[in-house]
Number of protein chains: 4
Amino acid sequence: MAVHRFVPTQFHNVLGTREPVLRVSDGDTVVTFTLDAGGCDQANVERAPKPNPMTGPFFVEGAEPGDALIVQIQRMTPTRGTGWTYSSLAPNVVEPEILPQLRERDRVDWTIDPHAGTVRLVDPPIAIADLVLPLRPMIGCFGVAPGMDQAISTTTSGRHGGNMDFRGFEPGAIACFPVFEPGALFFLGDGHACQGDGEIVGTGIETSFEIEFTVRLKKNAKHGWPRGENASEIFTIGNARPLDQALQHATTEMLRWLGDSFGLDTVSASHLLGQTVSYDIGNVFNPAYTVVCRIAKTWLRKPQTSLGWLG
Amino acid sequence: MAVHRFVPTQFHNVLGTREPVLRVSDGDTVVTFTLDAGGCDQANVERAPKPNPMTGPFFVEGAEPGDALIVQIQRMTPTRGTGWTYSSLAPNVVEPEILPQLRERDRVDWTIDPHAGTVRLVDPPIAIADLVLPLRPMIGCFGVAPGMDQAISTTTSGRHGGNMDFRGFEPGAIACFPVFEPGALFFLGDGHACQGDGEIVGTGIETSFEIEFTVRLKKNAKHGWPRGENASEIFTIGNARPLDQALQHATTEMLRWLGDSFGLDTVSASHLLGQTVSYDIGNVFNPAYTVVCRIAKTWLRKPQTSLGWLG
Amino acid sequence: MAVHRFVPTQFHNVLGTREPVLRVSDGDTVVTFTLDAGGCDQANVERAPKPNPMTGPFFVEGAEPGDALIVQIQRMTPTRGTGWTYSSLAPNVVEPEILPQLRERDRVDWTIDPHAGTVRLVDPPIAIADLVLPLRPMIGCFGVAPGMDQAISTTTSGRHGGNMDFRGFEPGAIACFPVFEPGALFFLGDGHACQGDGEIVGTGIETSFEIEFTVRLKKNAKHGWPRGENASEIFTIGNARPLDQALQHATTEMLRWLGDSFGLDTVSASHLLGQTVSYDIGNVFNPAYTVVCRIAKTWLRKPQTSLGWLG
Amino acid sequence: MAVHRFVPTQFHNVLGTREPVLRVSDGDTVVTFTLDAGGCDQANVERAPKPNPMTGPFFVEGAEPGDALIVQIQRMTPTRGTGWTYSSLAPNVVEPEILPQLRERDRVDWTIDPHAGTVRLVDPPIAIADLVLPLRPMIGCFGVAPGMDQAISTTTSGRHGGNMDFRGFEPGAIACFPVFEPGALFFLGDGHACQGDGEIVGTGIETSFEIEFTVRLKKNAKHGWPRGENASEIFTIGNARPLDQALQHATTEMLRWLGDSFGLDTVSASHLLGQTVSYDIGNVFNPAYTVVCRIAKTWLRKPQTSLGWLG
């Protein structure tokens, strides 16, 4: 249960089979740094090319294909006082007919105040001059090597995780990725100081972070898609286009989970999901969109394993 | 500001230009009954053919094409102690590959206990023998005549509303429909005692209701899609397939609203939406899917009109 | 086997349960006129509002729900020397990012020369000053009343046919629609002098026609979607969004047809379709998109019925 | 203009930055072998793991990012007398509701007779006992390294080509890929003896081939997506889900081509495309679907460059 402090010096724009930067064990905690989506560090110096340069990969001892890697996000601390977004909605989230009415998408800056717990535009349009939003850090892109010799761009996502931009991946939340390569090869980056559902301007408030996370292993997990947990819910994630297909993946993974860990046959699971499920939209901007399927823990009995809800 | 008590005797399986059953005025309240989705009334007697037979239409004096009809859902009281659902997930919400694993979709019964505020399966599978869910009434299908001489089935939805199955349409919420025909011609029905996001078993808990609602008019509204309001949020609705297109409609309508009622130019609206928007999925079962675009009122200044947030 | 000459005086912008304009019998031929998509007649005089005003409905004696109405397109003769199109691609057929590069969509005129069998722009841009295209008439929108009390706009399509804009619906081709209402109630209009796949500028070359067609009945057909036939192929049609779903409907209907009329079990049909199927795209402009699933007659044995391939 | 005879000994299941197996020059011809989709060679011996193991990559001297690699398919000769397919439609090409009616997807064998130019099932179901189809070889998967450090699975496709399963990629056709890496790094494999549109059973008739192809370079091409040419048409290709988006990419690339090589402004291109475009569906089975946008050469003036239509 070691705590590793790791200062990255190289970064990757893919999740793939790359040389590990650190070997950690089941239960270990890592404290490290991430660049912003554009490759800039705590001093706003460009340290790697965009898009979404990743810190890692971390090799988790004992992880084998078929296992699942559990990543608990312990803490996310912004390492600088500024972030940036784009100034206009992404073209794919509005009706094509109104696109000519939208402005060019410029990059604009935000101030991050960790003490006040707020973010605000540096130079806001007059109509939102007073807008002060809460600082709410989250991880935009993280996951594991996708296996089969692939190296998948950090612009997109899949069964291995990647650029999901789900704002539920915040401190306190737990993510769980299927393992496709020995050691899992965990990557992370693309932190946001704030973000709405869908990442519909094409960014959250992009900034650099110090992140602390703990890894655990679930052996022979046979998961198909990322899963997760927060204080009140368990959730599954599907990444695909259109959203309809992402939703199919997420719902199918939840059906599998309800069967494997909670003993619900498909009829029981259908009743529970039918009357209580919630869906969230992670992103509708990246090449693969992200849908999250959520069930409140209150409707389930916690598995009596060392991994708890994820057991 | 009259209160009308209306007992329906005929029902419609479309929203279209049909003979009004009652004429009401801006500000009036109506107390009426709705059949369940299968056409059964408070005595569980079939009174109309499925699907989703509607009560109405109500002619609202003064409503003209281009106006908007505001409908406040004041109360929904179940009129019988039972409801029903299907026993298996709809085929379109899971990966096609696993469909052969799902059981046939049978109709099963639920008990509704208004005093306890609960619903439970009459004959639950053993794995969910103890499942007791909250009674949470909502309207599955309501809206106005779609204009252009159309009569659109209550299985689907569009700009005129219809079968949206959004669980936010509950007592206390306000819906707002574009008006396409003189008098608006408002229909309602398909009440659910409970429902998860997406209506993914193809039903909520279908039952009959007594519903009380109040109508108001917004003249020259020029809305494109349904809008709504609850205690903490304003929202817009898009109905289409795939979900991606429903989301485009909802987002575009919100952009329009933020401009027209709150004075936000597209850049200001993009900043606000980008960092604070939430999306809900109404249904992913009907021919047209439903996406809801939500913004917390806390980020906006309430319009100083008699119609408040919807003004 | 009468031949009816019918001059329409009223038109419909929906396919629905409307008063029949003429009663015809199985085997009869009708010669009638259609307005262009904008409602103009042979003299370019506006006779009905857009969109796509329909001639009809024709009541076919003996047609009952569950039957199929077979419509052979015998002839299409343009009734005036001009047609029109829009001057720019529809916004939904290009990448959203390039939309700002497209020009406004203006209405432009074409000359139709039936003797030369050609169409050309009246005032072509210099880059296509010499472009002369073949006159190739087709029906954009036709079909039957959709049943269930619906009246569906001529902008869209469904199981009942409608605005499919498939350029295979040309003289010599046969269309076949499921019947949902007594008498079938057949409508037609929206003729095009020429059109590419997808109707991607939002129009074909829109003009008025004299059309001659023959109707036959297939009793107890139990078809799910439109079907058709030309000299070399049989085909089925799905109408939905996205194209993926339209393709599912068309393929499923072909699977049904191969089983019912040609005795192919699903494995045999899969082999045949897998190695020989062709797909066409009818339209990618209307609310519902259209996909056509085609099989060459050479791979099938013609049913020994009076209805031939459609038997 | 050398002719290289290359016998592969290693294979890749991704298109990525891998060690070149041969360096060739602009204008050179290569004669080589490809395994079938399951990794079997001319002796039906498994030589590499599935899916779609690729021969290559071939390094083309002088190819730089921003160029385009032109690949002329000169010849495809099956190297064994057997191929295989799956026995049932893929689950995603039919309505979800009918999936339970489809049989399990088994692998079945076909006989290939190059002299007769035919293929037939080894053990056909009785209903198609006499079915003899034409031998019509095509390349299922080919393309270049996708750049940005990615290695993309041969199950899918993108801007770099990949598993497009377009039956127009047959002997005589020319393909053209954007170059993302120095040397382009060209891969090929997954040959089919026959295939319908869409590859809707999940395979063509999978077999091993000897393939002869010639490479040429177009410098500073700035293409966005694959292009191609056959005797009568030029075409562009989009790879994405849903089909709607693949069609957007293909149409946009054609618009670019019509502007860059044929001098058509967007209005002129819209007129031409609107009235003459054809769309083909490459595959609707792989993670990314494929749409082909085609224009007959007869409507265009051949560019006076050494690369002809692709110039």
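Residues numbered from 1 in each chain as written. Chains lettered and ligands numbered in written order. Predicted model: local features only at pLDDT ≥ 70, side-chain atom pairs only at ≥ 80, totals over all residues. Heavy atoms only, no water.

Draft legend 1. Here's a closer look at the overall build of chain A. From N to C terminus, chain A includes two helices and 21 strands. Taking the principal axes of its C-alpha atoms as reference, chain A extends roughly 55 × 45 × 40 Å. Relative to its 311 residues, chain A shows a buried fraction of 68%. Of all intrachain contacts in chain A linking residues separated by at least 6 positions in sequence, the fraction that spans at least 24 positions is 74%. On chain A, roughly 10,200 Å² of surface is accessible, and the fraction owed to carbon and sulfur atoms is 49%. Across chain A, the 25 positively charged side chains and the 34 negatively charged ones have centroids separated by 4 Å. (Helix = DSSP H or I, 4+ residues; strand = E, 2+ residues; numbered from the N terminus. Buried < 20%, exposed > 50% of the residue type's maximum accessible area, 1.4 Å probe, protein only. Contact = heavy atoms within 4.5 Å. Areas by Shrake-Rupley, 256 points an atom, 1.4 Å probe, with all protein chains shown as cover. Lys, Arg positive; Asp, Glu negative; His and termini not counted. Charge placed at Lys NZ, Arg CZ, Asp CG, Glu CD.)

Draft legend 2. View of the packing of helix 1 (residues 243-262) of chain A against helix 1 (residues 243-260) of chain B. Relative to each other, helix 1 of chain A and helix 1 of chain B sit at 120 degrees, their axes nearing to 7 Å. Between helix 1 of chain A and helix 1 of chain B, the crossing angle belongs to the class labelled oblique. Side by side, helix 1 of chain A and helix 1 of chain B meet where A:Leu243, A:Asp244 and A:Leu247 of the first sit next to B:Leu243, B:Asp244 and B:Leu247 of the second. (Axes fitted to C-alpha atoms, helices over the stretch in contact; angles between N-to-C directions. Parallel < 35°, antiparallel > 145°, perpendicular 65-115°, else oblique.)

Draft legend 3. Fine view of the interface of chain B and chain A. Contacts between the two partners involve 67 residues from chain B and, on the opposite side, 67 residues from chain A. For the chain B and chain A pair, buried surface summed over both sides reaches about 5,300 Å², with 63% attributable to carbon and sulfur atoms. The three residues of chain B that bury the most area against chain A are B:Glu95, B:His271 and B:Gln275, which together make up 14% of that side's buried surface. The tally of links from chain B across to chain A stands at two salt bridges. A salt bridge links B:Arg256 to A:Glu95, with the shortest nitrogen-to-oxygen separation between them at 3.9 Å. Along the contact surface separating chain B from chain A lie 24 residue pairs in polar contact (both at pLDDT 80 or more). Broken down by secondary-structure element, the contributors of at least two residues to the side of chain B that touches chain A are strand 7 (82-86), strand 8 (107-113), strand 10 (133-134), helix 1, helix 2 (266-276) and strand 20 (278-281) of chain B. A per-element tally of the side of chain B that touches chain A places helix 2 of chain B first, with ten residues. Partitioned by chemical class, the residues of the side of chain B that touches chain A number 36 nonpolar, 22 polar and nine charged. (Buried area = accessible area lost by both parts, 1.4 Å probe. Salt bridge = Lys/Arg side-chain N within 4 Å of Asp/Glu carboxyl O. Polar contact = N/O pair within 3.5 Å; in protein donor to acceptor, adjacent residues only side chain to side chain. Nonpolar A, V, L, I, M, F, W, Y, C, P; charged D, E, K, R; others polar.)

Draft legend 4. Quick look at the interface of chain C and chain A. Facing the four residues of chain C at the interface are four residues of chain A. A buried area of about 480 Å², summed over both sides, lies between chain C and chain A, and 81% of it is on carbon and sulfur atoms. For the pair chain C and chain A, the number of links is zero salt bridges. The interface formed by chain C and chain A contains zero residue pairs in polar contact (both at pLDDT 80 or more). Grouping the amino acids of the side of chain C that touches chain A by side-chain chemistry returns three nonpolar, no polar and one charged.

Draft legend 5. Spatial organisation of the sheet that holds strand 10 of chain B. Residues and elements named next belong to chain B. If you walk across this open sheet you meet the four strands as 7-8-9-10, and the pairing is antiparallel. Since the sheet does not close on itself, it has two edges, and those belong to strand 7 and strand 10, each with one partner. Both strand 7 and strand 8 contribute to a ladder of five bridges, which runs antiparallel. Within strand 8, the position partnered with Thr82 by the bridge is Thr111. (Pairing = 2+ DSSP bridges.)

Draft legend 6. Structural detail: helix 2 (residues 266-276) of chain D. All names here are of chain D. Within helix 2, ten of the eleven residues are buried, which leaves the element mostly enclosed by the surrounding structure. Burial in helix 2 covers these residues: Val267, Ser268, Ala269, Ser270, His271, Leu272, Leu273, Gly274, Gln275 and Thr276. A side-chain oxygen of the first residue of helix 2 lies 3.2 Å from the backbone nitrogen of Val267; this N-cap is Asp265.

Draft legend 7. Fine view of the layout of surface pockets. For the second largest pocket, the calculated volume is near 560 Å³. Lining the second largest pocket are 26 residues; nearest its centre among them are C:Ser278, C:Asp280, C:Arg294, D:Asp280 and D:Arg294. Elements with a minimum of two residues in the lining of the second largest pocket: strand 19 (233-240) and strand 20 (278-281) of chain C together with strand 19 (233-240) and strand 20 (278-281) of chain D. Its residues assigned to classes, the lining of the second largest pocket comprises six nonpolar, six polar and 14 charged. (1 Å grid on protein atoms, 1.4 Å probe; cavity = no way out; pocket = protein on both sides within 12 Å on 5 of 7 lines; lining within 4 Å. Points joined across faces, edges and corners; volume = space filled by probe spheres on them.)

Draft legend 8. Structural context of the pattern of salt bridges. The full count for this structure, using the stated rule, is 60 salt bridges over all chains. For C:Arg136, the salt bridge goes to C:Glu170, with nearest N and O atoms at 3.0 Å. Of the two residues, C:Arg136 is situated in the loop between strand 10 (133-134) and strand 11 (138-144) and C:Glu170 in the loop between strand 14 (161-163) and strand 15 (174-178); the sequence distance between them amounts to 34 residues. The exposure class assigned to C:Arg136 is partly exposed, which follows from its relative accessible area of 42%. Through salt bridges with shared partners, one network takes in A:Glu95, B:Arg227, B:Glu253 and B:Arg256.

Draft legend 9. Focus on the sheet that holds strand 16 (residues 186-192) of chain A. All names here are of chain A. In spatial order, the strands read 3-5-16-11-14-13; together these six strands make up an open sheet with mixed pairing. Unpaired on one side and paired on the other, strand 3 (22-24) and strand 13 (157-158) mark the two borders of the sheet. Taken together, the two bridges between strand 5 (residues 55-60) and strand 16 define a ladder with antiparallel strand orientation. From the neighbouring strand, Thr55 faces strand 16, where its bridge partner is Leu188.

Draft legend 10. Representation of the relation of the copies chain C and chain A in the model. Overlay of chain C on chain A (RMSD 0.0 Å): rotation 180 degrees, translation along the axis 0.0 Å. Classification of the inter-copy transformation places it as that of a two-fold axis. If distances are taken from each C-alpha of chain C to the rotation axis, the shortest is found for C:Pro100, at 2.7 Å. In this assembly, 100% of the residues forming the interface of chain C have copies in chain A that are likewise at the interface, indicating an isologous arrangement. (Least-squares fit on C-alpha atoms with pLDDT ≥ 70 in both.)

Draft legend 11. Summary view of the nonpolar core. Ranked by internal contacts, the top residues of the largest apolar core, which has 204 residues, are A:Leu273, B:Leu273, C:Leu273 and D:Leu273. Beyond its immediate chain neighbours, meaning those up to four positions away, B:Leu273 contacts A:Leu89, A:Gly196, A:Ile200, B:Met254, B:Leu255, B:Leu258, B:Cys293 and B:Ile295. Formed by 31 residues, the second largest nonpolar core is a distinct cluster that contains B:Leu22, B:Met164, B:Phe169 and B:Val179. (Core = buried A, V, L, I, M, F, W, Y, C linked by side-chain atoms within 4.5 Å.)

Draft legend 12. Expanded view of the relation of the copies chain B and chain A. For these two chains of identical sequence, chain B goes onto chain A by a turn of 180 degrees and a shift of 0.0 Å along the axis, with RMSD 0.0 Å. Interface residue correspondence from chain B to chain A reaches 100%, placing this contact among same-surface, isologous pairings.

Draft legend 13. The arrangement of the packing of aromatic side chains in detail. With the rule as written, the count across this model stands at 52 aromatic pairs over all chains. Aromatic pair C:Phe142 and C:Phe169: ring centres 4.9 Å apart, planes at 75 degrees, arrangement edge-to-face. Residue C:Phe142 is found in strand 11, and its partner C:Phe169 is found in the loop between strand 14 and strand 15; the two are separated by 27 residues along the sequence. C:Phe142 gets classed as buried once you look at its relative accessible area, which sits at 0%. Aromatic rings pair up to connect A:Phe6, A:Phe58, A:Phe142, A:Phe166, A:Phe169, A:Phe177, A:Phe186, A:Phe213 and A:Phe235 into one cluster. (Phe/Tyr/Trp six-rings, centres within 6.5 Å; stacked < 30°, edge-to-face > 60°.)

Draft legend 14. Layout of the environment of A:Ser270. By the element assignment, A:Ser270 lies in helix 2 (residues 266-276). Taking the C-alpha atoms as reference, A:Ser270 lies 37 Å from A:Asp28; in sequence the two are 242 residues apart. In contact with A:Ser270, not counting residues within four places along its chain, are B:Ser87, B:Ser88, B:Leu89 and B:Val201.

Draft legend 15. Unusual backbone geometry, seen in detail. The step from A:Arg241 to A:Pro242 runs through a cis peptide bond, and the omega angle for that step is -10 degrees. Take A:Pro242: it is sitting in the loop between strand 19 (233-240) and helix 1. We note that C:Leu185 has phi near 60 degrees; this positive angle belongs to a residue other than glycine. Positionally, C:Leu185 belongs in the loop between strand 15 and strand 16 (186-192). Positive phi outside glycine occurs at C:Asp190, with the angle close to 55 degrees. On the secondary structure map, C:Asp190 appears in strand 16. We classify C:Asp190 as buried; its relative accessible area is 1%.

Keep in mind these numbers describe shape, not what the thing actually does.
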